[in-house]
Every structure is written in C-alpha cells, then in structure tokens.
Amino acid sequence: MIIRRFVPDDFEDILSIEQEAFSDHNPLVYINFYEMNMNGFLVAIDDNEIVGFVVGYQLNENEGRIFSLAVKDEYQSRGIGTKLIYAILKVFYGNLIQYASLEVRISNTRAQKLYNKVGFVSCWIEKKYYFDGEDGIIMKMRISPQCLLNVFDTSNNPSQKQVTLTKREPAFKIPDSI
Ligand SMILES: CC(C)(COP(=O)(O)OP(=O)(O)OC[C@H]1O[C@@H](n2cnc3c(N)ncnc32)[C@H](O)[C@@H]1OP(=O)(O)O)[C@@H](O)C(=O)NCCC(=O)NCCS
C-alpha cells in the first residue's frame, strides 16, 4: 500500500468512495480542495486501486484541519485509515503546523477510536453540526515529532517523497470557507 498526492485522474474513484462513506455527498467540495490545496489531498493505493483518501487544509496559522477521511468498505480494518491520518499529520508538520483538529459525528465511534489511538482528544461538542441535526465532536491533537515516529516506515518506499515534506516549507494558505 502506498500513499501519494491526489491527481485529477483519481477523482472518479474518490467520489465513489466518498459516496459510499458519507450521506452528505458534495463532489464540488473535492474539486475546490484540489484546486486550492493539492498538498493536503492524499490517496491510498493498493494493487493499483484507490482504496482510501484523506483531505486536510490549514485552518489558521497553527492548526491543520482534517476535513475528510474514508477507506473503501472492503479495505477497512487493515490499518489504512491510520496510515492516512499519519500521512496528513506529516504534511501538516512539514508545513510548521503544530495542531491538528477534526470533527466527527457523535455516533461514529469507529472513527473516534481511530482518532483516539493516534492521539486526538475530544474537546467539545458542536450541537447539530451536521445537516441532519446530528451533533459533532471536535477533536484535537498536538503534532510532535514523537507522535510521527511510530508511523508506517516508508524509508524503503518510493512514495515517501510524495507524502512527506522533508524540507520545512512555508505554510500553505487556504481560505476558511471552502
Ligand atoms: C473511519 C475509517 C476511515 C477507518 O478506516 P480503517 O482503515 O478501517 O481504520 P484502521 O484499520 O486504521 O483502524 C483504526 C482503528 O479504528 C478502529 N476500528 C477499525 N475497524 C473497526 C471496527 N470494525 N469496529 C470498531 N473499531 C474499528 C480501531 O480502533 C482501529 O484500531 P485497531 O486496529 O488498533 O483496533 C473507515 O471506517 C471509514 O472510511 N469509515 C467511513 C467514513 C468515516 O466515518 N470517516 C471518518 C469521518 S470523521
């Protein structure tokens, strides 16, 4: 399994995974993300097939927001979601961002377990955050070099350069509204 940046040819596969995973499907958001934020759009590939993706962007000077994460049904529970989360944390860290945040449905205990395992803690509840009235939990974590050390070892993996910004570059700027 490798993780690399999204390219436009991936779009159809991403939409199909997205549609399967979320009820509030909105393809336009993903086009905008790609146009505004190529570094924060990563895909997981297994046997030449796209099996998952993660999208993150810079919310403010110190905080990266994970906007979306999904793994194809039949590939779930194999560690792919965890690897995608670490990959986006690495991108944030490479862009000098110290904190990561996300929002998750209160009923989505499976995703919450994953986030807890990586180091996210629940901070507060946003009442009726979702279009169907469900509450959302805001989770945050501090990104430290230590928390990235346990990450999948890609040192022998040619895709590593595609997910890790080894050079500490200036932060990418994304408008708050997407
Ligand atoms: C949430 C999601 C991305 C997890 O991806 P995944 O590849 O299955 O995750 P992993 O295999 O890395 O599992 C990570 C952790 O999630 C939890 N988890 C995974 N599968 C689980 C299951 N069937 N039941 C309960 N917890 C589970 C476990 O804590 C697991 O850690 P462990 O393997 O050490 O026990 C995936 O289930 C998904 O795409 N769900 C639909 C979309 C979604 O909810 N996205 C998140 C929106 S905030």
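What comes next is a walk through the structure. (Residues numbered from 1 in each chain as written. Predicted model: local features only at pLDDT ≥ 70, side-chain atom pairs only at ≥ 80, totals over all residues.)

Turning our eyes to something else, we now look at the environment of proline 27. For proline 27, the location among the structural elements is in helix 2 (residues 27-36). In the structure, proline 27 is positioned twelve residues away from leucine 15 in sequence and 6.6 Å away in space, judged by C-alpha atoms. (Helix = DSSP H or I, 4+ residues; strand = E, 2+ residues; numbered from the N terminus.)

Before going further, it helps to spend a moment on the nonpolar core. Counting residues in each nonpolar core, the largest one holds 40 residues, and the members touching the most others are Leu42, Phe53, Val54, Leu84, Ala87 and Ile88. Considering every element that reaches this core, the biggest residue donor is helix 3 (residues 80-94), with ten residues. Not counting residues up to four positions away in its chain, the partners in contact with valine 54 are Leu42, Ile66, Ser68, Leu69, Leu84, Ile85, Ala87 and Ile88. (Core = buried A, V, L, I, M, F, W, Y, C linked by C-beta atoms within 7 Å. Buried ≥ 20, exposed ≤ 12 C-beta atoms within 10 Å, placed from the backbone. Contact = placed C-beta atoms within 7 Å.)

What follows concerns the packing of helix 3 against helix 4 (residues 109-118). What describes two packed helices is the angle between their axes and the distance between those same axes. In the contact formed by helix 3 and helix 4, the axes pass within 10 Å of each other and the chain directions differ by 50 degrees. By the angle between their directions, the pair helix 3 and helix 4 is classed as oblique. Read as a crossing pair, helix 3 and helix 4 show a hand that is right-handed. Here helix 3 contributes Gly81, Thr82, Ile85 and Tyr86 to the contact with helix 4, which in turn contributes Leu114, Lys117 and Val118. (Axes fitted to C-alpha atoms, helices over the stretch in contact; angles between N-to-C directions. Parallel < 35°, antiparallel > 145°, perpendicular 65-115°, else oblique. Left-handed = near helix turned anticlockwise from the far one by under 90°.)

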